[in-house]
Number of protein chains: 2
Amino acid sequence: MANSIPDIVIGRLPIYLRELTRLAEEGKTTTSSQELGRRLGISSAQIRKDLSHFGEFGKQGTGYHINYLVDQLRQILHLTDEWPVAVVGAGLLGQAIARYQGFAHRGFRIARIFDNDPQKIGTKVNNLTIQDISELEETIQNADIKIAILAVPANHAQETADRLVKAGIKAILSYAPISLKIPEGVKISYSDPVIQLQQMAYYLIPPISQD
Amino acid sequence: MANSIPDIVIGRLPIYLRELTRLAEEGKTTTSSQELGRRLGISSAQIRKDLSHFGEFGKQGTGYHINYLVDQLRQILHLTDEWPVAVVGAGLLGQAIARYQGFAHRGFRIARIFDNDPQKIGTKVNNLTIQDISELEETIQNADIKIAILAVPANHAQETADRLVKAGIKAILSYAPISLKIPEGVKISYSDPVIQLQQMAYYLIPPISQD
């Protein structure tokens, strides 16, 4: 069954989960697809349809029990335990990621960080010691890490991704501004601020007229 | 005409532009939808269909002239001049963004950076002086800045977004892990690494079996 659910539906579940968690933090115990939709700018019908792929979570009149729905979404998304994550690249971005407080309680923990700069290797980011990237494969295999965040320069990204895949990594979040070749069975997600800015610039009136 | 083009098509154009730029850097002068598709993991038919919304860019047999297509895509996406961008929040992430080399030649330049921390205000990030966030509205209006990157903590994000919108910002890239309420006519894009990791975790075998 799981295989038949469109990626775009899966893509929205974490958004629902994040907003439900915020509602719970605000002290609420129940919500509705209408309230959730209003807060997210998504139609309530869409939310109900997305959730209906996985079962019946709400009741006409009373809506959703937030804690229950949060638990269910965490199970669906495989977030009930913490995934250890390896960060590759300990530049400003890699360090910002390693120090980011937002992973806690959301299913992930930064378990390792690697760099190739002798000046950085052995120093600490938070409570993590920056490891030599030559230890990448062995460390990832021994620690059974399946998820990596790639924060290396573009010209090292493909080669590093290849090493991660060989070491057993199954999901990569890449901050390098290039498209990577990744084999079937490994998930890849990209974060490139320029791409996101360019996608929005299309809708804006240019700074200087082109005419 | 422009209004009828689906957002998802617009969303792919920057990906094409980035890969075409890389091809040019590799010394190539022409390419094909097949080659582009292979490098991006997108079908060549999709690429041809996407581009056909904007005109005829390639020829049967010779394919695309890379420089010409790059120029056309930059015009379509309003990237022929550099958009000045304001970064709000000069923590590790805001500073990593401000120092990021990837904006140059891709249509954007970080023009201003703001924070509310007296320890940071007046210090420099690259060649930019961190400004007091109390100067936000006046600076943005005077410099006619339309695009902002939000790198403030979640609990300040909505209030800061409201201020940006009032100051005339038309597009926001937010790194705060919450959904923002933004009025019609303002574009919003989110970057939350945890959401991206959660979207991939669904497809992985959990670290510890749930059964």
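This text goes with the structure placed above it.
The shown structure was predicted, so the numbers you read here are calculated from the model rather than taken from an experiment.

Asker: Kindly report on the sheet that holds strand β7 (residues 128-132) of chain A, identifying the contributing residues and their values.
Answerer: Strand order in the open sheet formed by seven strands is β6-β7-β5-β4-β8-β9-β10 (chain A), with mixed pairing between adjacent strands. The open sheet terminates on both sides in strands that have one partner only, identified here as β6 (124-125) and β10 (187-190) of chain A. Judged from the two bridges that link them, β6 of chain A and β7 of chain A form a sheet pairing that is antiparallel. Bridging from a neighbouring strand, K124 of chain A pairs with T129 of chain A of β7 of chain A. Its contacts with the sheet place helix α8 (residues 193-201) of chain B against β4 (83-88), β5 (108-115), β8 (147-150), β9 (171-174) and β10 of chain A, and it is angled at close to 155° to β9 of chain A.

Asker: Go over the interface of chain A and chain B, please, and point to the residues and values.
Answerer: In this complex, chain A contributes 64 residues to the contact, which on the side of chain B involves 65 residues. Across the chain A to chain B interface the summed buried area is about 6,300 Å²; carbon plus sulfur atoms make up 66%. Area buried by chain A at its contact with chain B is led by L197, Q198 and Y202 of chain A, which between them contribute 12% of it. Applying the counting rule to chain A against chain B returns four salt bridges. Among the salt bridges present, the one from R18 of chain B reaches D192 of chain A, with a minimum N-O distance of 2.8 Å.

Asker: So, the relation of the copies chain A and chain B: which residues are in play, and what are the values?
Answerer: At an RMSD of 0.0 Å, chain A and chain B line up after a rotation of 180° and a shift of 0.0 Å along the axis. The superposition of one copy onto the other is thereby described by a two-fold rotation axis.

Asker: Tell me about unusual backbone geometry, and name the residues and values.
Answerer: Residue and element names in this part refer to chain B. Positive phi, close to 65°, is recorded for H105, a residue that is not glycine. When you line up the elements, H105 lands in the loop between α5 (92-99) and β5 (108-115). For H105, a relative accessible area of 69% translates into the label exposed. Its identity as a non-glycine residue notwithstanding, D144 has a phi of 55°, on the positive side. In this fold, D144 is placed in the loop between α6 (136-142) and β8 (147-150). For D144, a relative accessible area of 46% puts it in the partly exposed group.

Asker: Give a description of the packing of helix α2 (residues 33-40) of chain A against helix α3 (residues 44-52) of chain A that names residues and reports values.
Answerer: All names here are of chain A. The interhelical angle for the contact between α2 and α3, taken along N-to-C directions, is 115°, at an axis separation of 8 Å. Classified by the angle between their axes, α2 and α3 sit roughly perpendicular to one another. Every pair of crossing elements has a handedness; the one defined by α2 and α3 is right-handed. Along the contact surface, α2 presents S33, Q34, L36 and G37, while α3 presents S44, I47 and R48. When grouped by side-chain class, the residues that make up the contact of α2 with α3 number two nonpolar, four polar and one charged.

Asker: Explain α2 of chain A to me, using residue names and the numbers behind them.
Answerer: Residues and elements named next belong to chain A. Of all eight residues in α2, six are buried; the element is thus mostly enclosed. Listed in full, the buried residues belonging to α2 are S33, E35, L36, G37, R39 and L40. Residues of α2 that are buried make contact with α1 (7-25), β1 (30-31), α3 and β3 (63-65). One or two residues past the end of α2 sits G41, with phi positive at roughly 70°.

Asker: Quick rundown of the side chain of S191 of chain B? Include the residues and the values.
Answerer: Relative to the elements of secondary structure, S191 of chain B occurs in the loop between β10 (187-190) and α8. There is a polar contact of 3.3 Å between the side chain of S191 of chain B and the side chain of S191 of chain A. If we ignore the near neighbours within four places in the chain, the residues touching S191 of chain B are S191 and Q196 of chain A together with L173, S174 and Y175 of chain B.

Asker: Report on α3 of chain A, specifying residues and quantitative values.
Answerer: Residues and elements named next belong to chain A. By the burial criterion, the buried members of α3 are S44, I47, D50 and L51. The arc that holds every buried residue of α3, seen down its axis, measures 125°, which confines them to one face. Close packing links the buried residues of α3 with α1, α2, β3 and α4 (66-76).

Asker: An account of the side chain of R18 of chain A is requested, with residue identities and associated values reported.
Answerer: The residue R18 of chain A is located in helix α1 in this model. A distance of 2.8 Å separates a polar atom in the side chain of R18 of chain A from a polar atom in the side chain of D192 of chain B. Apart from residues lying up to four places away in sequence, R18 of chain A is in contact with R106 of chain A together with P177, I178, S179, D192 and I195 of chain B.

Asker: Run through the sheet that holds strand β2 (residues 58-59) of chain A, naming residues and quoting values.
Answerer: All names here are of chain A. Strand order across the open sheet formed by three strands is β1-β3-β2, with antiparallel pairing between neighbours. Of all strands in the sheet, those with a lone pairing partner are β1 and β2, marking the two edges. Strand direction decides the pairing type here: β1 and β3, joined by two bridges, are antiparallel. In the sheet register, T31 faces β3, and the bridge partner there is Y64. The strands that α4 touches are β1 and β3; relative to β3, the one it contacts most, it runs at about 75°.

Cut-offs and rules
- Residues numbered from 1 in each chain as written.
- Chains lettered and ligands numbered in written order.
- Predicted model: local features only at pLDDT ≥ 70, side-chain atom pairs only at ≥ 80, totals over all residues.
- Heavy atoms only, no water.
- Pairing = 2+ DSSP bridges.
- Helix = DSSP H or I, 4+ residues; strand = E, 2+ residues; numbered from the N terminus.
- Contact = heavy atoms within 4.5 Å.
- Axes fitted to C-alpha atoms, helices over the stretch in contact; angles between N-to-C directions.
- Buried area = accessible area lost by both parts, 1.4 Å probe.
- Salt bridge = Lys/Arg side-chain N within 4 Å of Asp/Glu carboxyl O.
- Least-squares fit on C-alpha atoms with pLDDT ≥ 70 in both.
- Buried < 20%, exposed > 50% of the residue type's maximum accessible area, 1.4 Å probe, protein only.
- Parallel < 35°, antiparallel > 145°, perpendicular 65-115°, else oblique.
- Left-handed = near helix turned anticlockwise from the far one by under 90°.
- Nonpolar A, V, L, I, M, F, W, Y, C, P; charged D, E, K, R; others polar.
- Polar contact = N/O pair within 3.5 Å; in protein donor to acceptor, adjacent residues only side chain to side chain.
- Arc of directions from axis to C-beta.

None of this, on its own, says anything about what the molecule does.
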